[in-house]
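Single-letter residue listing:
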Amino acid sequence: GLSADIICSERNSIKMYDFIGQKKWNINFILLVFAKKITVQFDEYRYDYPIWLRHKIRTLNNPIFHQTKNTDLSSKTILAVGRLATQKRFDLLIRAFANVIREWPDWHLQIIGEGHLKTALLDLITELGITSSVTITPSTHSPQRYYETSSIFVISSQWEGFPNALAEALSYGMLGVGFTHTAGVNKLISNDQNGILACGPPSTETLSEAITTLLKRSKEWPTMSAQSKKISTTFSSHNWKNQWKQILDL
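Keep in mind it's a predicted model, so treat the numbers as computed, not measured.

### Remarks on the pattern of salt bridges
One side chain can pair with another of opposite charge once the charged atoms of both are near each other. Inspection of every chain in the model, using the stated rule, returns ten salt bridges. Where lysine 15 meets aspartate 48, a salt bridge forms, and the shortest distance between an N and an O atom there is 3.7 Å. Of this pair, lysine 15 sits in the loop between strand S1 (7-9) and helix H1 (27-31) while aspartate 48 sits in the loop between strand S2 (37-40) and strand S3 (57-59), placing them 33 residues apart in sequence. With a relative accessible area of 38%, lysine 15 lands in the partly exposed category. Note that glutamate 44 is salt-bridged to lysine 187, the shortest N-O span being 3.7 Å. Taken as a pair, glutamate 44 in the loop between S2 and S3 and lysine 187 in helix H6 (residues 185-188) lie far apart in primary sequence, 143 residues in all. Residue classification places lysine 187 among the partly exposed positions, given a relative accessible area of 31%. The structure contains a network of salt bridges with shared partners spanning Asp192, Arg217 and Glu220.

So this is what it looks like as C-alpha cells:
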C-alpha cells in the first residue's frame, strides 16, 4: 500500500531450489507481483522465473574493482573462501584435494571461512590424513593477502548468485576451478581461458580431475591469469552504475 515503487533484488540463482527443502513455487513468487522491478545477477537467471514475471526482470551484476597488486602464480597454494555450510560443499573439495596431493604433494589447500560444519570438516581432514596439507582459517575482512599469495581459487558450491569471492580472486589474476553445472560459477570461469570447469554436477572425481588438469598446464598460467584480470573491466563499477540508472529510469 505504499506509494513508493518496490524493487526486489534477488541475490541467489533460484537453481538453489534444486538443493534445498523449500518448494520453488511458493508465496515469494506471488509477492513479486507487487514489485515494479526485479533484479537478478546474470541475464540467464531471468529464464528460471515464471514467464509472467520476466518483463519486470533486469540484470544487475556486482561491481568488481581493478587491483593494483596481483598474484605472481609462484605460490603452491589453492584457496577457497566461503561459509562452512552445505551449499559450499567444502567436504567435496577436501576429498578432491586429498586425491590431488597424491601426485602433487607439495601443494597446500587454504580454506577461509566460519560455519556450523567446521568441526565436521576438521574431522574429515584428520580422517583423510592430510592435516599438514589443509588449513581452515577464520573469516577475515581483509582477504587480499590470501589472493595475492595463492595461485588457484577453487569454488565447489552447489549454486551461487554472483560468486563474489571467485570474482575477487580472478581480479587478482588467480586461476579459477569450478563446476559447469553451478549457477554463477559458470558465468565467471571460462573453460580453458581463465581456469578449468569440471564437467557435470559437483563430484569429488571431476573436481580433482579439473584441479590436476590445471596443475599440469602451468605453462599456460600467465595467459590465463591475464584473462582472469579482465573481469574488473567486464564487471566494472561504471557498468554497474549504468545498470542501476536504467533500473531506476534515471
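### Overview of the pairing of strand S8 (residues 175-179)
Among the five residues that make up S8, five are buried, leaving the element largely enclosed by the rest of the structure. Sheet topology places strand S7 (residues 152-154) next to S8; three bridges connect them, and they run parallel. The partner of phenylalanine 153 across the bridge, within S8, is glycine 176. Taken together, S7, helix H5 (residues 164-171) and S8 form a β-α-β motif whose crossover is right-handed. Relative to strand S9 (residues 195-198), S8 is paired through four bridges, and the arrangement is parallel. In the sheet register, glycine 176 faces S9, and the bridge partner there is glycine 195.

### Quick word on the sheet that holds S7
Reading across the sheet, the six strands line up as S6-S5-S4-S7-S8-S9 and stay open at both edges, with parallel pairing between neighbours. The open sheet has two edge strands, strand S6 (134-137) and S9, and neither has a second partner. Averaged over all adjacent pairs, the angle separating strand axes in this sheet is 20 degrees, with direction ignored. Examined bridge by bridge, strand S5 (residues 108-112) and S6 share four bridges and lie parallel to one another. When the sheet's bridge partners are listed, leucine 109 is paired in S6 with valine 134. Docked against the sheet, H5 engages strand S4 (77-81), S7 and S8, running at close to 170 degrees with respect to S7. Contacting S4, S7, S8 and S9, helix H7 (residues 204-216) runs over the sheet at an angle of about 160 degrees to S8.

### A few points about H7
Each α-helix winds once per 3.6 residues, and so residues spaced three or four apart point in a common direction. The terminal C-alpha atoms of H7 lie 18 Å apart, and with 13 residues this matches the ideal 18 Å at 1.5 Å per residue to within 8%. Buried within H7 we find Thr204, Leu207, Ser208, Ala210, Ile211, Thr212, Leu214 and Leu215. Its buried side turned inward, H7 meets S4, helix H2 (90-100), S7, S8, S9 and helix H8 (221-229).

### What about the sheet that holds S1?
Pairing between the strands of a sheet comes from backbone hydrogen bonds, and it takes one of two forms, parallel or antiparallel. With parallel pairing, the three strands of this open sheet are ordered in space as S1-S2-S3. The open sheet is flanked by S1 and S3, the only strands paired with a single partner. Averaged over all neighbouring strand pairs, the angle between strand axes comes to 30 degrees, with direction disregarded. Looking at chain direction, S1 and S2 are connected through three bridges and run parallel.

Calculation criteria
Residues numbered from 1 in each chain as written. Predicted model: local features only at pLDDT ≥ 70, side-chain atom pairs only at ≥ 80, totals over all residues. Heavy atoms only, no water. Salt bridge = Lys/Arg side-chain N within 4 Å of Asp/Glu carboxyl O. Helix = DSSP H or I, 4+ residues; strand = E, 2+ residues; numbered from the N terminus. Buried < 20%, exposed > 50% of the residue type's maximum accessible area, 1.4 Å probe, protein only. Pairing = 2+ DSSP bridges. Right-handed = clockwise from strand over helix to strand, strands pointing away. Axes fitted to C-alpha atoms, helices over the stretch in contact; angles between N-to-C directions. Contact = heavy atoms within 4.5 Å. Expected span 1.5 Å × (residues − 1).

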